[in-house]
Each structure stands twice: as structure tokens, then as C-alpha cells.
Amino acid sequence: MKSSFVVLGDLHIKDNQWIKRNIIEGVVNALYKSKDIDEIGLIIAGDLSYSGQANEYKRVGILLSQITKCIRAKFDRDKPIPIYMVPGNHDINFEGGTRDRELVLDIINDPYIDEKVEQELLRFENFYSIAKFNRCFTRDPLVDIRKFKVNFETIQMNLINSELFSTMRDKNGDDDKGIHYFPEEKLSMLNKKKSSKYSITIMHRSPDWFEYNSMKKLKSKITKNSNILIYGHDHVSDLNKTTRKENDLYIINPGKFDFEENEFNFTILNIDSQKEECVLEDYTWSDEDEIFLTKNKLASEIYEINNEGLKPINDFTTKFYSLGNNRLKDIFVFPDLDKIDSKEINS
């Protein structure tokens with residue numbers, strides 16, 4: 001079964017943003033190169049808006065609607081295109097305020113940080129409105145697990161809000177790398193489910209942006225339970241594959257898709273479960289050619305993760321004979337053994 005995802009990030013949409021139709025058509029034309037697609041999805045790796053304002057998300061909604069409508073028309077499909085989105089630091093409504101690194105350090109070292117998390121989530125209210133409209137973060141505001149169905153197979157989609165206590169206009173011009181917070185009790189939600197063929201984790205910041213202990217635990221959890229990690233924020237498109245003893249992990253940063261700065265990059269992710277193949281393609285817009293050109297491509301195998309290993313049957317004989325009137329020698333090939341005299345062994 002073949003699945004294709006259009007992966008966008010760092011849109012930074014403003015409330016008066018002009019959305020160029022030819023750019024949308026260019027994305028869909030690039031997707032159309034992938035033939036015989038069973039299912040299509042759209043992934044947004046954060047920073048949908050410029051400053052988390054309600055009017056900005058109205059324009060975001062128009063953009064997402066135009067993309068999905070164009071896909072459905074091009075591929076002649078009636079059913080909706082599922083959208084998977086996570087917030088970025090630009091999706092926080094600071095209401096014109098600031099927050100520097102020193103204040104963030106005070107917050108993450110506060111023993112009552114859980115109470116501050118509840119207050120912080122209110123800043124994402126406008127993002128959550130459009131997210132819930134697209135059935136994202138409907139159950140949990142920090143980690144949401146969605147299912148992408150491809151006939152009888154399921155791809156698990158892990159959506160993470162990585163932006164708690166982000167800085168805003170730090171007085172020293174400092175960034176917040178190394179101090180991002182992630183509640184440890186949420187880690188288990190990222191475990192790959194037995195019913196899932198593959199698992200994709202989506203967040204705006206890579207684990208490297210988190211506080212040291214959180215970073216180590218996030219990296220370990222994602223590596224052991226995800227086939228693909230998608231993040232944004234760095235504004236530089238990149239494709240990578242890391243090989244670990246637990247699993248091969250594909251890493252995607254789609255780069256900016258920014259109408260204000262007229263800079264358009266995105267990634268197409270193709271997964272063919274029948275061939276056990278994963279193909280990633282980076283695209284960038286060419287003003288001269290007025291099309292999206294392939295900038296980078298990565299293709300390799302993708303396998304279902306099994307974290308349980310092989311488990312022996314506790315009582316094989318009971319299990320075997322309960323299946324019917326069978327004889328062990330009908331299914332087990334015994335080795336040829338010669339009888340050896342004990343005297344020969346001792347000689």
C-alpha cells in the first residue's frame with residue numbers, strides 16, 4: 001500500500017496574507033509525479049501563523065482548504081485529505097508581550113510548573129481552534145496520537161506541542177535552545193501501538209532544543225518507537241537517515257513555506273509498505289522556471305518496528321496438542337543421531 005504526505009513548515013501567515021494560487025498548484029503538480037497513491041495526507045510542522053492571532057488562522061484555514069481542494073481535484077478524490085498539525089513558537093499569542101531566557105529558566109525550575117503549564121496552554125487557544133477543527137489535539141493539548149489509515153494498515157501519527165515556555169524578544173537576543181520543557185509523564189504516549197504498521201512523530205523543534213534530561217528521554221523514545229521524525233523551526237530543509245540498533249530513523253525538516261518572504265520549500269514523503277520502501281524528496285520553488293524543482297532525494301528501506309522481540313510459548317506441548325490430533329514429527333525435523341557407546345566417549 002502506498003501513502004504520500006505533503007510536508008510543510010514555518011508558514012508564518014499574517015492576517016492580510018496574499019496566497020499565490022500558482023504555488024499551491026505547483027505543490028500538487030509535484031505530488032502528482034507519485035503514481036498509484038492509495039492515500040494522501042498533509043503535515044504542517046508548526047508556525048502556521050505569524051503571531052498566534054485569530055485573524056491569521058482564518059487565512060491559514062483558507063490556505064489549507066485551497067491545498068486540499070486542489071489535491072482532491074487533481075487526483076479525482078471525493079473524501080477529505082487528513083491534516084496533521086503541531087504548533088510552533090509563532091503560534092503562541094504573546095499579546096505584544098515579551099519573555100526572556102531568564103524567566104523561562106525560573107519557570108522550568110519551579111516545583112509548581114504543572115500549574116504554569118495550564119496557564120501557558122491558554123496562549124495557544126487560537127491554534128487549538130483550527131487544530132481541533134482538523135481533529136488534532138482533541139484529547140490532549142501536549143501529545144495527540146492520530147491514525148492514518150491505508151486500507152487495512154495503520155500509520156501512527158504522534159503530534160507533539162514542543163513550544164511550552166518559548167522565549168519572545170529576549171532582551172539579550174538569546175534563544176531558548178537547551179531549556180525547552182516536556183512533561184516526563186507524557187513520554188509513554190509516544191510508544192508505538194501494536195496495531196500500527198509505522199509511526200511518524202511530528203514536532204516543531206527537534207529534541208536538541210529541550211532541557212538535557214528531557215532531550216535524552218525524548219531522543220530515546222522517538223528512536224525506539226518512530227520510523228520518521230518531522231520538525232521545523234530551523235528554516236533549512238534537510239533529509240537524513242540515522243541508523244541505530246533499535247531502528248532506522250528518517251528525519252525531515254521541510255524548510256520554510258513563506259508567502260511573505262517568497263521562499264517556498266517542502267517535502268514529499270512516500271511510504272510503500274508492500275515494497276517496504278520510503279522515499280523522501282525535497283522541493284524548492286524556481287521563479288525562473290515557475291515550478292518546484294527537486295533539491296534532494298533519499299530512498300531506502302522502511303520496516304515495522306517490533307519492540308517486544310521474540311517471546312517463547314510458555315507451554316509449547318499444551319499449545320500444540322490443543323490444535324488437534326497432530327504429531328510432533330509432522331512439523332519438526334529431527335537431526336540424524338547415531339548411538340555412541342559410552343566407552344567411545346571416555347576413550
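Worth saying up front: this structure is predicted, and the values here are computed from it rather than measured.

A. Structural view of the nonpolar core. Counting 94 residues, the largest nonpolar core has Phe 5, Met 85, Ile 200, Ile 228, Phe 257, Phe 266 and Leu 269 as the members making the most contacts within it. With eight residues, helix H2 (residues 54-75) is the largest single contributor of residues to this core. Ignoring sequence-local partners within four residues, the contact set of Ile 228 consists of Ser 199, Ile 200, Thr 201, Leu 249, Tyr 250, Ile 252, Leu 269, Ile 271, Cys 278 and Ile 302.

B. Expanded view of a negative patch on the surface. Taken together, Asp 114, Glu 115, Glu 118 and Glu 185 make up a surface patch of like negative charges. In this fold, Glu 118 is placed in helix H4 (residues 113-121).

C. Layout of the side chain of Arg 205. Structurally, Arg 205 is set in the loop between strand E6 (198-202) and helix H6 (212-225). Excluding anything up to four places from it in sequence, Arg 205 contacts Asn 89, Ser 162, Glu 163, Ser 166, Asp 176, His 180, Phe 210, Tyr 231 and His 233.

D. Representation of the layout of surface pockets in the model. In this model, the largest pocket occupies a volume close to 620 Å³. Contributing to the lining of the largest pocket are 25 residues, with Pro 80, Ile 81, Pro 82, Ile 83 and Arg 135 lying nearest its centre. Of all the secondary-structure elements, those providing two or more residues to the lining of the largest pocket are strand E2 (39-44), H2, strand E3 (83-85), helix H5 (125-133) and strand E4 (143-150). It is H2 that contributes the most residues to the lining of the largest pocket, six residues altogether. Residue composition of the lining of the largest pocket, by class: ten nonpolar, five polar and ten charged. Taken as a whole, the second largest pocket holds about 370 Å³ of empty space. As for the second largest pocket, its lining consists of 19 residues, of which Asn 89, His 90, Thr 167, Met 168 and Arg 169 are closest to the centre. Grouping the constituent residues of the lining of the second largest pocket by class yields five nonpolar, eight polar and six charged.

E. Here's a closer look at the side chain of Asp 47. Within the element layout of this structure, Asp 47 appears in the loop between E2 and H2. A distance of 3.2 Å separates the side chain of Asp 47 from the backbone nitrogen of Asn 89, its partner in a polar contact.

F. Here's a closer look at the packing of helix H1 (residues 21-31) against H2. For the pair H1 and H2, interaxial distance at closest approach is 10 Å and the crossing angle is 45°. Between H1 and H2, the angle is such that the two are oblique. When you trace H1 past H2, the crossing you get is right-handed. In contact with Arg 21, Ile 24, Glu 25, Val 28, Asn 29 and Leu 31 of H1, H2 contributes Leu 63, Gln 66, Ile 67, Cys 70, Ile 71, Lys 74 and Phe 75. Of the residues that constitute the contact of H1 with H2, the class distribution is eight nonpolar, two polar and three charged.

G. Representation of the pattern of salt bridges within the structure. Throughout the structure, instances matching the rule amount to 17 salt bridges. Its salt-bridge partner being Arg 123, residue Glu 120 comes within 3.6 Å of it at the nearest N-O pair. Assessed through its relative accessible area of 3%, Glu 120 is described here as buried. One connected set of salt bridges, linked through shared partners, spans Arg 99, Glu 120 and Arg 123.

H. Inspection of the confidence of the model for the protein chain at higher detail. Residues with a pLDDT of 70 or more make up 88% of the protein chain, whose mean pLDDT is 89. Below a pLDDT of 50 lies the segment residues 309-314, which in the model reaches one contact outside its immediate sequence neighbourhood of four places, other chains included.

I. Here's a closer look at H2. Over its 22 residues, H2 extends 32 Å from the first C-alpha to the last, a length consistent with the 32 Å expected when each residue adds 1.5 Å. When H2 is considered as a whole, its buried residues turn out to be Glu 56, Tyr 57, Val 60, Leu 63, Leu 64, Ile 67, Thr 68, Cys 70, Ile 71 and Phe 75. When H2 is viewed along its axis, its buried side chains cluster within an angular range of 155° and face the same direction. More than 90 degrees from the buried face of H2, the exposed residues found are Lys 58, Lys 69 and Ala 73. Packed against the buried residues of H2 are strand E1 (2-8), H1, E2, E3 and H5. Downstream of H2 by a residue or two, Asp 76 has a phi angle that is positive, lying close to 55°.

J. Molecular detail of the packing of aromatic side chains. Within this structure, the stated rule accounts for 15 aromatic pairs. Ring centres of Phe 266 and Tyr 283 lie 5.2 Å apart, and the angle between their planes is 10°; on these two criteria the pair is classed as stacked. Taken together, the residues Phe 266 in strand E11 (residues 263-272) and Tyr 283 in strand E12 (residues 277-286) connect sequence positions 17 residues apart. The exposure class assigned to Phe 266 is buried, which follows from its relative accessible area of 0%. Classification of Tyr 283 as buried rests on a relative accessible area of 1%. Taken together, the aromatic side chains of Phe 124, Phe 127, Tyr 128 and Phe 137 make up a single cluster linked through ring pairs. For Lys 14, the ring lying beneath its charged end belongs to Tyr 50, and the centroid distance is 4.6 Å.

The rules behind each value
- Residue positions are given per chain, counting from 1 as you read along its sequence in written order.
- The predicted nature of this model means local features are confined to residues of pLDDT at least 70 and side-chain atom pairs, given and counted, to a pLDDT of 80 or more, with totals for whole chains, interfaces and linings taken over all residues.
- Think of the side-chain values as coming from all heavy atoms in the structure, minus any hydrogens and water.
- Here, nonpolar core means buried Ala, Val, Leu, Ile, Met, Phe, Trp, Tyr and Cys residues that are tied together by side-chain atoms lying within 4.5 Å of each other.
- Partly exposed residues are those whose accessible area sits between 20% and 50% of the maximum for their type, while under 20% is buried and over 50% is exposed, using a 1.4 Å probe and protein chains only.
- In DSSP terms, a helix is any run of H or I states spanning at least four residues, a strand is any run of E spanning at least two, and both are numbered starting from the N terminus.
- In what follows, residue pairs with any heavy atoms lying within 4.5 Å of each other are defined as contacts.
- Note that patches include only residues with greater than 30% relative accessible area and no salt bridge, and the join distances are 9 Å for like charges and 5 Å for nonpolar side chains (Val, Leu, Ile, Met, Phe, Trp, Tyr).
- What sets the accessible areas is the Shrake-Rupley method with a 1.4 Å probe; for residues, cover comes only from the shown protein chains.
- Throughout this description, the term salt bridge denotes a Lys or Arg side-chain nitrogen within 4 Å of a carboxyl oxygen of Asp or Glu.
- The charge count treats Lys and Arg as positive and Asp and Glu as negative. His and the chain ends do not count.
- All charge positions are set by atom: Lys at NZ, Arg at CZ, Asp at CG, Glu at CD.
- Only protein atoms enter the 1 Å grid, on which a cavity is a set of points fitting a 1.4 Å probe that cannot get out and a pocket is an open set with protein on both sides within 12 Å along at least 5 of 7 lines, lining residues being those with an atom within 4 Å of a point.
- Grid points are joined across faces, edges and corners, and a volume is the space filled by probe spheres set on the points.
- All amino acids are sorted into three groups, where Ala, Val, Leu, Ile, Met, Phe, Trp, Tyr, Cys and Pro are nonpolar, Asp, Glu, Lys and Arg are charged, and the leftover types, Gly among them, are polar.
- Polar contact is the term for a pair of N or O atoms within 3.5 Å; when the atoms are in protein, one must be able to donate a hydrogen and the other to accept it, and sequence-neighboring residues count only if both atoms are side-chain atoms.
- Here an angle of 0 to 180 degrees is reported between the N-to-C directions of two axes, which are lines fitted to C-alpha atoms, with helices fitted over the stretch in contact.
- Put simply, angles under 35 degrees are roughly parallel, angles over 145 are roughly antiparallel, angles from 65 to 115 are roughly perpendicular, and the rest are oblique.
- Here is the rule for handedness: rotate from the far helix to the near one, and if that takes an anticlockwise turn smaller than a right angle the crossing is left-handed, while a clockwise turn gives right-handed.
- Confidence scores here are pLDDT values: one per residue, from the predictor, ranging 0 to 100.
- Here the expected span of a helix is defined as 1.5 Å times the quantity of residues minus one.
- This arc describes the spread of directions from the helix axis toward the C-beta atoms.
- Aromatic rings from Phe, Tyr and Trp, with only the six-membered ring used for Trp, were paired whenever their centres fell within 6.5 Å, and each pair was classed as stacked if the ring planes differed by under 30 degrees, edge-to-face if by over 60, and tilted otherwise.
- Note on criteria: charge over ring means Lys NZ or Arg CZ within 6 Å of the ring centre, with the direction from the centre no more than 35 degrees off the ring normal.

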